[in-house]
Every structure is written in C-alpha cells, then in structure tokens.
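# Examination of the molecular architecture
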Amino acid sequence: MEHKVLPRNEWIEASKRLLQKEKEFTKLRDELTQQRRDLPWEAVNKSYTFDGPNGKMSLADLFDGRSQLIVYHFMFNPNWDQGCKHCSFWADHYSGMIPHLIHRDVSFVCISRAPLEKLVAFEKRMGWTFPWYSSGHTEFNYDFQASFTEEELEKEQAFYNYTMQNPTSTDREGVSVFYKDEGGNIFHTYSTYARGIDMMNITYQFLDLVPKGRQDDRGLRHHDQYVPKI
C-alpha cells in the first residue's frame, strides 16, 4: 500500500495539526456525553418478565441490586438457529467488562426474543459469561424499538432509531439504559441504535487507528458475513 512519507520533523508537524482536531473532537464528545446524561427520562410503568438461568426475572430484578442497567438488544429471532453474527462480534467484548461496570453501580445484560434454551446453547458455544435473558413472552423488544411485526416488515415501515423507516429485519440491534431510584421506580434514560452502537465495539476503535482501517469488505461489519468463533 502506497502512502505519503515525510521526514520526522514534518511528520511531527502534521501530527500536531491532527492532534488539534482530535482535541476539538474530544471536547465536543465530552459535551455530547453530558447532554446525553442531561436528557429527560421517561417512566417505565409496564411490567416485563424475562426468562433467565435462575427462573423468571422482572425488569427490576435485572438491576441486581444496582441503580443503573444497560441492556444490549441482541438480535435473535425465536425461529433462528443462532444469534445474529453482527451482534456476536459486539458480544465478544462484553464478558470482560462486567466487573468494571459492577464496580460503578452498573448492571449489564443482553436481551433477545429467542427462547432461553437457544440463548444458553449459543452462549456456551461462544464461550460468553455475561447475563442473557429471553423476552419472548413480553413486548419489551417491541416497546424499545428492537423488534418489529410481520406487518411492519411487509409495509417496510416501522419506528426504528427515532424515525419511520424500513427495519429490514424482525429484530434489530440497539442499546437501552435504565435507572432505578430508591423507591423502586424505573426510568428509561437513553437508547441508541444502528451506527449509534458503533462506539461500544472496542475492536473497531482500535481498527480506526491503523492504516487499513476497519476493512469492512472483509465482512467485519455486516452481520450476514461475520463468522462467530466455534
């Protein structure tokens, strides 16, 4: 691969110019992060029950004694034989971060519509250890823009990523955040979808640093091409 090469002093000057832009970006990102935390909340008044390894769990139970909960909407239609390959790429990063989140009063879970037995089998195959629950008997995924009806698919119109669009699949990727106060009240504080989950993939963040980038043509990004580990 050919690329422009400079003497060290000129390379340092070019790097300084880029650094200024990176600092501007970091400042803007910090401002955006604060705006995200300042976003108004919505109360969660509907009851949801999930199937987990230890039996039925409510949304409140998923907090596991903490006040903050992150949910990754893992694409796994009940009729599929395995979880989304795209989501699997993301999920390869999750198990190791759990202790660090717990230390900061945050619980993390994945939620899918597939039955628990399929989740357990796939999790074992992939070697994951993060909490994973089935929402197949609730409207949770639909209420939080992560699943769509056959009618919506036929019409190619559904509310996803805060706009009406073609969802392209019965289930889509996303992240939702919840807060539980001392009175046990639960609030939905934030959700992000599609490219919004980009920053949750640490492999991509490192690939963005190297000359060849993400090499998306090698199938790293598209869930129908990425091959999970066996």
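Residues numbered from 1 in each chain as written. Predicted model: local features only at pLDDT ≥ 70, side-chain atom pairs only at ≥ 80, totals over all residues. Heavy atoms only, no water.

## Some remarks on the overall build of the protein chain
To keep things clear, this is the line we draw: The way it works is that DSSP assigns letters per residue, a run of H or I at least four long becomes a helix, a run of E at least two long becomes a strand, and they are numbered from the N terminus. Relative accessibility under 20% of the residue-type maximum defines a buried residue, over 50% an exposed one, and the middle range a partly exposed one, all with a 1.4 Å probe and only protein chains included. What makes two residues a contact is simply this: any of their non-hydrogen atoms within 4.5 Å. Working definition of accessibility: Shrake-Rupley area with a 1.4 Å probe, residue cover restricted to the visible protein chains. Two residue types count as positive, namely Lys and Arg, and two as negative, namely Asp and Glu; His and chain ends fall outside the count. Throughout, a charge is located at the NZ atom of Lys, the CZ atom of Arg, the CG atom of Asp or the CD atom of Glu.
Check the secondary structure of the protein chain and you find eight helices and ten strands. Viewed in the frame of its principal axes, the protein chain has a C-alpha envelope of about 65 × 40 × 35 Å. Looking at the protein chain residue by residue over its 230 residues, the buried ones come to 38%. Pairs at least 24 residues apart make up 61% of the contacts formed inside the protein chain by residues separated by at least 6 positions. Split by element, the accessible area of the protein chain, about 14,100 Å² in all, is 52% carbon and sulfur. Taken together, the 28 basic and 33 acidic charged side chains of the protein chain have centroids lying 7 Å from each other.

## Section: the pairing of strand β3 (residues 55–58)
In summary, the side chains of a regular strand alternate between the two faces of the sheet. The test is simple: Following DSSP output, two strands are said to pair if at least two bridges run between them.
With four bridges connecting them, strand β2 (residues 49–52) and β3 associate as antiparallel partners. Note on β3: the bridge partner recorded for Gly-52 is Gly-55. As consecutive antiparallel partners, β2 and β3 are separated by two residues.

## Observations concerning a nonpolar patch on the surface
Selection criterion: Patch definition: residues with relative accessible area over 30% and no salt bridge; like charges joined within 9 Å; nonpolar side chains (Val, Leu, Ile, Met, Phe, Trp, Tyr) joined within 5 Å. Salt bridges are defined as contacts in which a side-chain nitrogen from Lys or Arg sits within 4 Å of a carboxyl oxygen from Asp or Glu.
Side chains of Ile-202, Phe-206, Leu-209 and Val-210 sit close together on the surface and give an oily, nonpolar patch of about 420 Å² of accessible area. Examined against the element boundaries, Phe-206 turns out to sit in helix α8 (residues 202–207). Given a relative accessible area of 54%, Phe-206 falls into the exposed group.

This is a description of form; function is not addressed.
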